[in-house]
Amino acid sequence: MIDSDILCDLILANKHKCKGGEVADYIPGLKNANRESFGVCLIDSNREVHCAGDYEEKFTIQSISKPLVLMLAILDNGEDFVFSKIGMEPTGDAFNSIQKLETSNLRKPFNPMINAGAIAVSSMISGASAEEKFNRVLDFIRKISENPTLDYDEEIYLGEKETGNRNRSMAYFMKNDGVIEGDVEEALDVYFRQCSIRVSAQDLARIGLFLANNGVTSSGERVVSEHTTRIVKSLMVTCGMYDGSGEFAVRVGIPAKSGVGGGILSLVPGRMGIGVYGPALDPKGNSIGGYAILEDLSKILSLSIF
Ligand SMILES: NC(=O)CC[C@H](N)C(=O)O
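What you are looking at is a predicted structure, and each value in this text was computed from that prediction instead of being measured.

> What's the story with the pairing of strand E2 (residues 39–44) in this structure? I'm lost.
Every regular strand shows the same layout, with side chains that alternate between the two sheet faces. When you tally the buried positions in E2, you get six out of six residues, the bulk of the element. Both faces of E2 are covered, namely the face carrying Gly39, Cys41 and Ile43 and the face carrying Val40, Leu42 and Asp44. Where E2 and strand E3 (residues 49–53) come together, five bridges link them in antiparallel fashion. When the bridges of E3 are listed, Gly39 appears paired with Gly53. Hairpin connection of E2 to E3: four residues between the antiparallel strands, including Arg47 at a positive phi of 70 degrees. As defined by bridge partners, E2 adjoins strand E8 (residues 272–277) across six bridges and the pair is classed as antiparallel. Within the sheet, the bridge partner assigned to Cys41 lies in E8 and is Gly275.

> Is there a simple way to explain the environment of Ser122 in this structure?
Mapped onto the fold, Ser122 is located in helix H6 (residues 115–122). Along the sequence, Ser122 and Val137 sit 15 residues apart, while their C-alpha atoms lie 9.1 Å from each other. If we skip the residues at most four places from it in the chain, Ser122 touches Val69, Ala187, Val190, Tyr191 and Gln194.

> Sorry if this is basic, but what is going on with the packing of aromatic side chains here?
The way to describe two aromatic rings as a pair is by their centre distance and the angle between their planes. Applying the stated rule across the entire model yields six aromatic pairs. Between Tyr152 and Tyr157 the ring centres are 6.0 Å apart and the planes differ by 80 degrees, which places this aromatic pair in the edge-to-face class. The buried category is assigned to Tyr157, whose relative accessible area is 5%. Taking the centre distance of 5.1 Å and the plane angle of 85 degrees together, the rings of Phe248 and Tyr291 count as edge-to-face.

> I would appreciate a short explanation of unusual backbone geometry in the present structure.
Most peptide bonds take the trans form, and the phi angle of most residues other than glycine is negative. Of note, the phi angle at Arg47 is positive, near 70 degrees, even though the residue is not glycine. Note that Arg47 resides in the loop between E2 and E3. Judged by relative accessible area, which is 52%, Arg47 ranks as exposed. Phi at Ser302 is positive, roughly 50 degrees, even though this residue is not glycine. Here Ser302 is to be found in the segment after helix H14 (288–301).

> Quick question: what am I supposed to make of the nonpolar core here?
One recurring pattern in soluble globular proteins: nonpolar side chains tend to sit buried together. Counting residues in hydrophobic clusters, the biggest one holds 65 residues, and the most contacted among them are Leu70 and Met71. Considering every element that reaches this core, the biggest residue donor is helix H11 (residues 201–212), with eight residues. When residues of this core are assigned to domains, at least three fall in each of domain 1 (4–57 + 200–301) and domain 2 (63–195). Residues in contact with Met71, not counting those within four places in the same chain, are Phe140, Ile144, Phe210, Leu211, Val224, Thr228 and Val232. With 26 residues, the next largest nonpolar core counts Leu10, Leu42, Ile293 and Leu294 among its residues.

> Would you take a moment to explain the domain arrangement of the protein for this structure?
It is common to give the size of an interface as the accessible area that goes away when the parts come together. Domain boundaries in the protein define domain 1 (4–57 + 200–301) and domain 2 (63–195). Taken over C-alpha atoms, the centre of domain 1 sits 21 Å from the centre of domain 2. Here domain 1 meets domain 2 over a buried area of about 2700 Å², counting both sides, of which 74% is carbon and sulfur. Here Lys143 makes a salt bridge to Glu221, at a shortest N to O gap of 3.3 Å. Counting the contacts that link domain 1 with domain 2 gives five residue pairs in polar contact (both at pLDDT 80 or more). Looking at the side of domain 1 that touches domain 2 residue by residue, the class counts come to 19 nonpolar, 10 polar and six charged.

> Would you take a moment to explain the pairing of strand E7 (residues 263–268) for this structure?
Counting buried positions along E7 yields six of six residues, so the element is predominantly enclosed. Burial along E7 is two-sided: the residues Gly263, Leu265 and Leu267 and Ile264, Ser266 and Val268 are all buried. The antiparallel hairpin formed by strand E6 (residues 256–258) and E7 contains four residues in its connecting segment, where Gly262 sits at a positive phi of about 105 degrees. The pairing of E7 with E8 spans six bridges and is classified as antiparallel. Paired with Leu265 across the strands is Gly275, a residue of E8. Taken together, E7 and the strand that follows it, E8, pair antiparallel across an intervening segment of three residues, in which Gly270 is found at a positive phi of about 75 degrees.

The rules behind each value
Residues numbered from 1 in each chain as written. Predicted model: local features only at pLDDT ≥ 70, side-chain atom pairs only at ≥ 80, totals over all residues. Heavy atoms only, no water. Buried < 20%, exposed > 50% of the residue type's maximum accessible area, 1.4 Å probe, protein only. Helix = DSSP H or I, 4+ residues; strand = E, 2+ residues; numbered from the N terminus. Pairing = 2+ DSSP bridges. Contact = heavy atoms within 4.5 Å. Phe/Tyr/Trp six-rings, centres within 6.5 Å; stacked < 30°, edge-to-face > 60°. Core = buried A, V, L, I, M, F, W, Y, C linked by side-chain atoms within 4.5 Å. Domains from an automatic or database assignment. Buried area = accessible area lost by both parts, 1.4 Å probe. Salt bridge = Lys/Arg side-chain N within 4 Å of Asp/Glu carboxyl O. Polar contact = N/O pair within 3.5 Å; in protein donor to acceptor, adjacent residues only side chain to side chain. Nonpolar A, V, L, I, M, F, W, Y, C, P; charged D, E, K, R; others polar.

Below, the structure is given as structure tokens:
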């Protein structure tokens, strides 16, 4: 049993830490986020929902879309094809780093949780057009979050598209190397749109529970195989918190994926899904408040899987 008061106490105890971070500012839609916003939602295996703070506030999913779109790409193409194009190793570099694409002998992005790998994943989604591919992504995320009202933020999508030249350059590089087989601009369009999907901490907790339950929604529908969720959870542990994944594994010890919108999706296998939101980020791009709450929760509830 989890006492909801614990979550309120943790919000109060950690709120001051958010003042230390920076809100992502590469596009106006993100810069305008309120750095004081702070919310958490935990849904346990009995489907009991525990929430505190701004758990209903919407923000863009950003990099948290990466493990989710990976599941759809595996459904569409199979694991062998996906990992013939993308590796499974952490880089130790920033999420938007370009360097290993050329300097490593691998000649493919190191993993699906960095931008290069995620853009390659987006290029594998089935559909006749970017719009059809994105609509399949949105439908998939609606299903696993059990929230049919999820939508995307048009202003942020356009901002991502306008400023995303670093992502664009990686995508063209990967097209040159045969990692991306289809139309590059279409892959980028799907990627920019998927980053702009609006979610709340509660939506993330629901997705976390789906992963904790090995690919079954709380209404009992199996959407992906247990094996696929194992792949995704493993990659979340090793690469989900960017180049801070090692320290996060030591301090918190659960699969998690963060995004520059300020969200963190996390879960404890078989036990619960947890979503946190706080747009003030540390230098690696992880939510400062979200990280702090997860660290405290892990200690209080003995969540580490290690
Ligand atoms: N770390 C992130 O959340 C990155 C997502 C962001 N839209 C980008 O592509 O740079």
